[in-house]
Amino acid sequence: MQEEKILKLYGLALRARQAKAGVFGTQAAIVKRQAKCVLLARDAEESTKKEIHFLCEKHGVFLIELSDKAAMGNYAGKEGTACAAILDEHFTSGIRNYTIDGGAFHDK
C-alpha cells in the first residue's frame, strides 16, 4: 500500500470538504450512509478500532488501516486523528487504486 499517496488524497478530500476527520464525524458519516471509505490509524485506541470495524462491517463500508494518528493528523490539520471518512466516490476510487489487495477488510 502506498500510504503517502493515500494520505495525500485524504488531505485533498478534506480541503474539498469531501471527508470527515475524527471519530465522531466518521461514526456519523458511516451511520448516515455518507461514508464511501474509512481510513483508520493503526495506533488508534482498541475501543475505537472495534467500534469503527463494527460500523464498517454493519454498513458495508470499505475500510483501510494505515499509518498512525500523527500522520493522519498532519494531513487533517488536527493533532492525533484516529480515523476519517471519505464521502466522495471519486476520492474513494483513487484511494482503492493505491491499495495492494483492494485494502478492504469489509467490502460489500
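Placed above this text is the structure.
Only a predicted model underlies this, so the values are computations on that prediction, with no experimental measurement involved.

Engineer: Looking at this model, I keep getting lost on the nonpolar core. Mind explaining?
Structural biologist: The nonpolar side chains of a soluble globular protein tend to be buried, and buried together. One finds Tyr10, Cys37, Leu39, Ile64, Met72, Ile86 and Ile95 to be the most contacted residues of the largest nonpolar core, which totals 18 residues. Elements with a minimum of two residues in this core: helix 1 (3-15), strand 1 (19-21), strand 2 (37-41), strand 3 (62-66), strand 4 (83-86) and helix 5 (89-97). Top contributing element to this core by residue count: helix 1, with 5 residues. The next biggest cluster of nonpolar side chains, apart from the first, holds 15 residues, and it includes Val38, Leu55, Val61 and Ala85.

Engineer: Could you clarify how one ought to interpret the environment of phenylalanine 62 in this entry?
Structural biologist: Checked against the element boundaries, phenylalanine 62 lands in strand 3. Each C-alpha atom of the pair phenylalanine 62 and arginine 96 lies 8.9 Å from the other, and the pair is 34 residues apart in sequence.

What counts as what
Residues numbered from 1 in each chain as written. Predicted model: local features only at pLDDT ≥ 70, side-chain atom pairs only at ≥ 80, totals over all residues. Heavy atoms only, no water. Core = buried A, V, L, I, M, F, W, Y, C linked by side-chain atoms within 4.5 Å. Buried < 20%, exposed > 50% of the residue type's maximum accessible area, 1.4 Å probe, protein only. Helix = DSSP H or I, 4+ residues; strand = E, 2+ residues; numbered from the N terminus.

Structural measurements only, silent on function.
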